[in-house]
Amino acid sequence: MQLQKLDSDFICRTSLPCLSASVLFLGPFQEQTVLWQMNLATLAHFRLSAPNNRPPLLPELIFRPFIEIQGGDRGVMQLAVGLELEAIDEPVIKKTIIMMRNYKRLALGRIEFGSMHT
């Protein structure tokens, strides 16, 4: 595996800082170690890339921080993570990987988190 050969915790295939990064890392899912193909992006990125014909129903709910897991082939899982941040950089990637590795009840589908503003 390329990660092991590089002796790296993750591979980022995007120049940083950015609004959306493509990242590969190893982590647990349903009691197995899988390769996560993560698209880590700011919520601003998702707002900008949303289709113009999307109905404007409760737009504040559409763009909450989230993780979304989709199945993959041969131990590879697709992961999208949206965070309310200015930009994606290396510390954000590392913190997100730690969050994913420590999250105990990962399941297929989308998990949205409440507003981060209090």
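Up top is the structure.
Predicted model, so just to flag it, every value in this text is computed and none were measured.

J.: Is there a simple way to think about the overall build of the protein in this case?
T.: The helix and strand inventory of the protein stands at four helices and six strands. Of the regular secondary structure in the protein, the N- to C-terminal order runs α-β-β-β-α-α-β-β-α-β. Within the protein, buried positions represent 33% of all 118 residues. Residue pairs at least 24 apart in sequence account for 56% of intrachain contacts in the protein once pairs closer than 6 positions are excluded. Counting only carbon and sulfur atoms, one obtains 53% of the accessible surface of the protein, whose full area is about 7800 Å².

J.: Got a minute to help me understand the packing of aromatic side chains in this structure?
T.: For any pair of aromatic rings, the description rests on two quantities: the centre-to-centre distance and the angle between the ring planes. Tallied over the full model, the rule gives three aromatic pairs. The interplanar angle of 20° and the centroid separation of 6.3 Å between the aromatic rings of Phe25 and Trp36 together place this pair among those described as stacked. Taken together, the residues span a long stretch of sequence, with Phe25 in strand E2 (residues 20-29) and Trp36 in strand E3 (residues 32-42) at a distance of eleven residues. Classification of Phe25 as buried rests on a relative accessible area of 0%.

J.: I would appreciate a short explanation of the state of the cysteines in the present structure.
T.: Working definition of a disulfide: a covalent bond connecting the sulfur atoms of two cysteines. Scanning all chains against the criterion turns up zero disulfides. The thiol sulfur of Cys12 is not disulfide-bonded, and the nearest other cysteine sulfur, from Cys18, lies at 6.1 Å. Overall, the relative accessible area of 24% leaves Cys12 in the partly exposed class. Classification of Cys18 by relative accessible area gives buried; the value is 14%.

J.: I tried to follow the sheet that holds strand E4 (residues 66-70) on my own but got confused; where do I start?
T.: A sheet is described by the order of its strands in space; here six strands give the open sequence E1-E2-E3-E5-E4-E6, paired in mixed fashion. Only two strands of the sheet have a single neighbouring strand rather than two, namely strand E1 (10-12) and strand E6 (109-112). Neighbour-to-neighbour, the strand axes of this sheet turn through a mean angle of 20°, independent of strand direction. Of the pairings in the sheet, the one linking E2 to E3 comprises ten bridges and is antiparallel in character. Across the sheet, Leu26 pairs through a bridge with Leu35, a residue of E3.

J.: Explanation requested: the nonpolar core in the structure shown.
T.: Generally speaking, a soluble globular protein has its nonpolar side chains buried in company with each other. Counting residues in each nonpolar core, the largest one holds 22 residues, and the members touching the most others are Val23, Phe25, Trp36, Met38, Leu40 and Leu79. Of all the elements in the fold, those that place two or more residues in this core are E2, E3, E4, strand E5 (76-83) and helix H4 (90-102). Counting seven residues, the second largest nonpolar core, distinct from the first, contains Ala41, Phe46, Ala50 and Phe63.

J.: So what exactly am I meant to see when it comes to the pairing of E4 here?
T.: Two faces make up the sheet, and in a regular strand the side chains alternate between them. Here E4 runs beside E5; their pairing, made up of five bridges, is antiparallel. From the neighbouring strand, Ile69 faces E5, where its bridge partner is Leu79. Connecting E4 to the next strand, E5, in antiparallel fashion are five residues, including Arg74 with a positive phi near 50°.

J.: Help me out: how do you make sense of the pattern of salt bridges in this one?
T.: Two side chains that carry opposite charge are able to pair once their charged atoms sit near each other. Taken as a whole and judged by the stated rule, the model has five salt bridges. Across the pair Glu68 and Arg110 runs a salt bridge, and its minimum N-O distance is 3.1 Å. Here Arg110 lies in strand E6 and Glu68 lies in strand E4, a separation of 42 residues in the sequence. Judged by relative accessible area, Arg110 falls into the partly exposed class, the value being 39%. Residue Arg110 is joined to Glu112 by a salt bridge in which the shortest nitrogen-to-oxygen separation is 3.0 Å. Taken together, the shared-partner salt bridges connect Glu68, Arg110 and Glu112 into one network.

Cut-off values and rules
Residues numbered from 1 in each chain as written. Predicted model: local features only at pLDDT ≥ 70, side-chain atom pairs only at ≥ 80, totals over all residues. Heavy atoms only, no water. Helix = DSSP H or I, 4+ residues; strand = E, 2+ residues; numbered from the N terminus. Buried < 20%, exposed > 50% of the residue type's maximum accessible area, 1.4 Å probe, protein only. Contact = heavy atoms within 4.5 Å. Areas by Shrake-Rupley, 256 points an atom, 1.4 Å probe, with all protein chains shown as cover. Phe/Tyr/Trp six-rings, centres within 6.5 Å; stacked < 30°, edge-to-face > 60°. Disulfide = S-S within 2.5 Å. Pairing = 2+ DSSP bridges. Axes fitted to C-alpha atoms, helices over the stretch in contact; angles between N-to-C directions. Core = buried A, V, L, I, M, F, W, Y, C linked by side-chain atoms within 4.5 Å. Salt bridge = Lys/Arg side-chain N within 4 Å of Asp/Glu carboxyl O.

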